[in-house]
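This is what each chain is made of:
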Amino acid sequence: MLWEQARRLAGRGHDVRVVSRADPDATAPVSIEREGVRIRQFIADRRSIARFIRSSVFEARRAVAAALSEEPADVLHVHQPLAGYGALASCAPALGSRASTASTRRRRSSIVRATG
């Protein structure tokens, strides 16, 4: 769902950036562009569940903060709860009077929070 949404928004002329965990075999963060979508992948420590949770939160926070410092965003949409917690907890204020949204497994497909 995330890729389809990102690809179609980019196809309509929107500037779309995705921050996600890198593949398990990756040894360094990766930045690529695919079909007009800029993708920044961060490394998650998969040696234990505790390390995975901690690194997912903190590395997502770091990657989103870096992306927002390079170029602001109008909307921050979160699909993954672990990485999303780090991103929203530290970076939503940087959005100013913009919106942050999050997917949920509840009946409603997303939660929208306006800031500012």
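Use the structure listed above.
Treat the numbers as computed from the prediction; the structure is a model and nothing was measured. (Residues numbered from 1 in each chain as written. Predicted model: local features only at pLDDT ≥ 70, side-chain atom pairs only at ≥ 80, totals over all residues. Heavy atoms only, no water.)

### Section: the nonpolar core
Proteins that are soluble and globular tend to have nonpolar side chains buried together. What counts, and what does not: Here, nonpolar core means buried Ala, Val, Leu, Ile, Met, Phe, Trp, Tyr and Cys residues that are tied together by side-chain atoms lying within 4.5 Å of each other. We call a residue buried when its accessible area falls under 20% of the maximum for its residue type, exposed when it is over 50%, and partly exposed in between, using a 1.4 Å probe and counting protein chains only. Helix and strand assignments come from DSSP, with helices taken as H or I runs of at least 4 residues and strands as E runs of at least 2, each series counted from the N terminus.
Judged by nonpolar contacts, A6, A10, V16, V18, V37 and I39 together constitute the single largest core of 6 residues. If you list the elements that add at least two residues to this core, you get α1 (2-11), β1 (16-21) and β3 (37-42). Core analysis: the next-biggest nonpolar cluster, separate from the first, contains 5 residues, V64, L68, A73 and L76 among them.

### So, the layout of surface pockets
Let me state the cut-off plainly: The method works on a 1 Å grid over the protein atoms by themselves. A cavity is a set of points holding a 1.4 Å probe that cannot get out, a pocket is an open set with protein on both sides within 12 Å along at least five of seven lines, and residues with an atom within 4 Å of a point line them. Grid points are joined across faces, edges and corners, and a volume is the space filled by probe spheres set on the points. Basically, the charged four are Asp, Glu, Lys and Arg, the nonpolar ten are Ala, Val, Leu, Ile, Met, Phe, Trp, Tyr, Cys and Pro, and anything else, Gly included, counts as polar.
Estimates place the volume of the largest pocket at around 1,100 Å³. Those elements that place two or more of their residues in the lining of the largest pocket are α1, β1, β2 (30-34), β3, α2 (49-70), β4 (75-78) and α3 (81-91). Broken down by element, the lining of the largest pocket gets its largest block of residues, 6 residues, from β1. Considered class by class, the residues forming the lining of the largest pocket number 20 nonpolar, 9 polar and 9 charged.

### Details of the pattern of salt bridges
Worth spelling out the cut-off: What counts as a salt bridge is simple: a side-chain nitrogen of Lys or Arg found within 4 Å of a carboxyl oxygen of Asp or Glu.
A complete count under the given rule lists 9 salt bridges for this structure. Here R38 ties to E71 by a salt bridge, and the two come within 3.1 Å at their closest N and O atoms. Residue R38 is found in strand β3, and its partner E71 is found in the loop between α2 and β4; the two are separated by 33 residues along the sequence. In this structure E71 comes out as partly exposed when scored by relative accessible area, which is 29%. In this structure, R40 and E70 form a salt bridge, with 2.8 Å as the shortest nitrogen-oxygen distance. One end of the pair, R40, is in strand β3; the other, E70, is in helix α2, and 30 residues separate them in sequence. Residue R40 is classed as partly exposed on the basis of its relative accessible area, which comes to 22%. For E70, a relative accessible area of 58% puts it in the exposed group.

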